[in-house]
Amino acid sequence: MNAKLRKIRHLALDMDGTIYQGSTLFEFTKDFLAGLREMGIGYTFLTNNPSRSIADYVAKLKAMGIEAEPGQLYTSTQCTIEHLQEKYPSAKRIFPLGTPSMCEEFRKAGYVICEDNHKDEPDVVVVAFDMTLTFERLGRAGWWIKNGKPFIATNPDFICPTDQPTMWVDCGSICACLQAATGRAPDAVLGKPHPNMLRGILQRHG
């Protein structure tokens, strides 16, 4: 079996619900990762959850006892940024429904984050899993979408896995709300299972 496994060069490992659940690490995770390293198999942690930055995820993994370099992380935020760079190369101003950590990732990539103001016009609306969502920004996003701005979703998930006694309403549910209100579906839905998630990892690791 090990001989067959050694033919594998690199794995894409989902995080939420696969190596941990919310803030709880599964008991098998450390042994599994150690086994991959022993066999010389590389791995990238990927997630549809764009609410944390790469630095945030590195810190979260470290707090669970897993050492990871920034280059070992790939999120739907990175996938979305690369999609915008490819499909909307002239777009520099975005109106996001996303957390401050996600917005900082876009700023680092050279994007301007538009304010909730009808005079601060974006080139693109980006909708994500947003635990800081306000009614005002939801309405403004709908207004820009209704007025024809490109509508990009970071991921399709309706709920985000959690070990807490609540339901985390995810990007897909927020997009469904906006679609019902505006009559427009997202122009693109990134994240798994969109092939760009794996393409991004392939480009990094060959």
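Provided above is the structure to which this section pertains.
The model shown is predicted, which means the values in this text are computed figures rather than measured ones. (Residues numbered from 1 in each chain as written. Predicted model: local features only at pLDDT ≥ 70, side-chain atom pairs only at ≥ 80, totals over all residues. Heavy atoms only, no water.)

Side note on the overall build of the protein chain
Consideration 1: Summing up its helical and strand segments, the protein chain has eight helices and twelve strands in all.
Consideration 2: Its C-alpha atoms give the protein chain a radius of gyration of 18 Å, within 12% of the compact-globule value 17 Å for 206 residues.
Consideration 3: Counting only C-alpha atoms and orienting by the principal axes, one finds that the protein chain spans roughly 60 × 40 × 25 Å.
Consideration 4: Across the 206 residues of the protein chain, 47% fall into the buried class.
Consideration 5: At a minimum sequence separation of 6, the contacts of the protein chain that also span at least 24 residues come to 73%.
Consideration 6: Taking the 23 positively charged and 23 negatively charged side chains of the protein chain as two groups, their mean positions are separated by 5 Å. (Helix = DSSP H or I, 4+ residues; strand = E, 2+ residues; numbered from the N terminus. Rg over C-alpha atoms; globule rule 2.2 N^0.38 Å. Buried < 20%, exposed > 50% of the residue type's maximum accessible area, 1.4 Å probe, protein only. Contact = heavy atoms within 4.5 Å. Lys, Arg positive; Asp, Glu negative; His and termini not counted. Charge placed at Lys NZ, Arg CZ, Asp CG, Glu CD.)

Some thoughts on the side chain of T154
Consideration 1: Here T154 is to be found in the loop between strand 9 (151–153) and strand 10 (159–160).
Consideration 2: T154 sits in the buried class, given a relative accessible area of 0%.
Consideration 3: Residues in contact with T154, not counting those within four places in the same chain, are P50, S76, T80, M102, V126, V127, A128, F129, C171, L190 and G191.

Quick look at the pattern of salt bridges
Consideration 1: The full count for this structure, using the stated rule, is nine salt bridges.
Consideration 2: Between R204 and E82 there is a salt bridge, with the nearest N and O atoms lying 3.1 Å from each other. Note that R204 is positioned in helix 8 (residues 196–205) and E82 in helix 4 (residues 76–87), a separation of 122 residues in sequence.
Consideration 3: Relative accessible area serves as the criterion here: at 22%, E82 is assigned to the partly exposed category.
Consideration 4: Here K87 and E86 are joined by a salt bridge, their closest N and O atoms 4.0 Å apart.
Consideration 5: Relative accessible area serves as the criterion here: at 40%, E86 is assigned to the partly exposed category.
Consideration 6: The structure contains a network of salt bridges with shared partners spanning E86, K87 and R199. (Salt bridge = Lys/Arg side-chain N within 4 Å of Asp/Glu carboxyl O.)

Remarks on the nonpolar core
Consideration 1: Among the nonpolar cores identified, the biggest contains 20 residues, and L84, I94, F106 and V124 are the most heavily contacted of them.
Consideration 2: When neighbours within four sequence positions are excluded, F106 is seen to be in contact with T77, T80, I81, L84, I94, Y111, I113 and V126. (Core = buried A, V, L, I, M, F, W, Y, C linked by side-chain atoms within 4.5 Å.)

Some points on the sheet that holds strand 12 (residues 188–189)
Consideration 1: Pairing is parallel in the open sheet, where five strands are placed in the order 7-6-8-9-12. The open sheet is flanked by strand 7 (112–113) and strand 12, the only strands paired with a single partner.
Consideration 2: Pairing of strand 6 (residues 93–97) with strand 8 (residues 124–127) involves four bridges; the strand directions are parallel. Among the inter-strand pairings, P96 is bridged to a residue of strand 8, identified as V126.
Consideration 3: Taken strand by strand, helix 6 (residues 135–146) contacts strand 6, strand 8 and strand 9, and its axis lies near 135 degrees from that of strand 6. (Pairing = 2+ DSSP bridges. Axes fitted to C-alpha atoms, helices over the stretch in contact; angles between N-to-C directions.)

Let's talk about the packing of aromatic side chains
Consideration 1: In the structure shown here, the tally under the stated rule is five aromatic pairs.
Consideration 2: When the ring of Y43 is compared with that of F45, the centres are 5.4 Å apart and the planes differ by 70 degrees; the resulting orientation is edge-to-face. Just as Y43 is buried, F45 falls in that class too.
Consideration 3: Measuring from centroid to centroid gives 5.9 Å for F106 and Y111, while their planes differ by 75 degrees, and the two rings are edge-to-face.
Consideration 4: For F106, a relative accessible area of 0% gives the class buried. (Phe/Tyr/Trp six-rings, centres within 6.5 Å; stacked < 30°, edge-to-face > 60°.)

Observations regarding the sheet that holds strand 5 (residues 73–75)
Consideration 1: The sheet built from three strands is open, its strands ordered 1-4-5 with parallel pairing. Of all the strands in the sheet, the pair left with one neighbour each is strand 1 (10–14) and strand 5. Ignoring strand direction, the axes of neighbouring strands in this sheet form an average angle of 30 degrees.
Consideration 2: Across the sheet, helix 4 is in contact with strand 4 (42–47) and strand 5; its angle to strand 5 comes to roughly 65 degrees.

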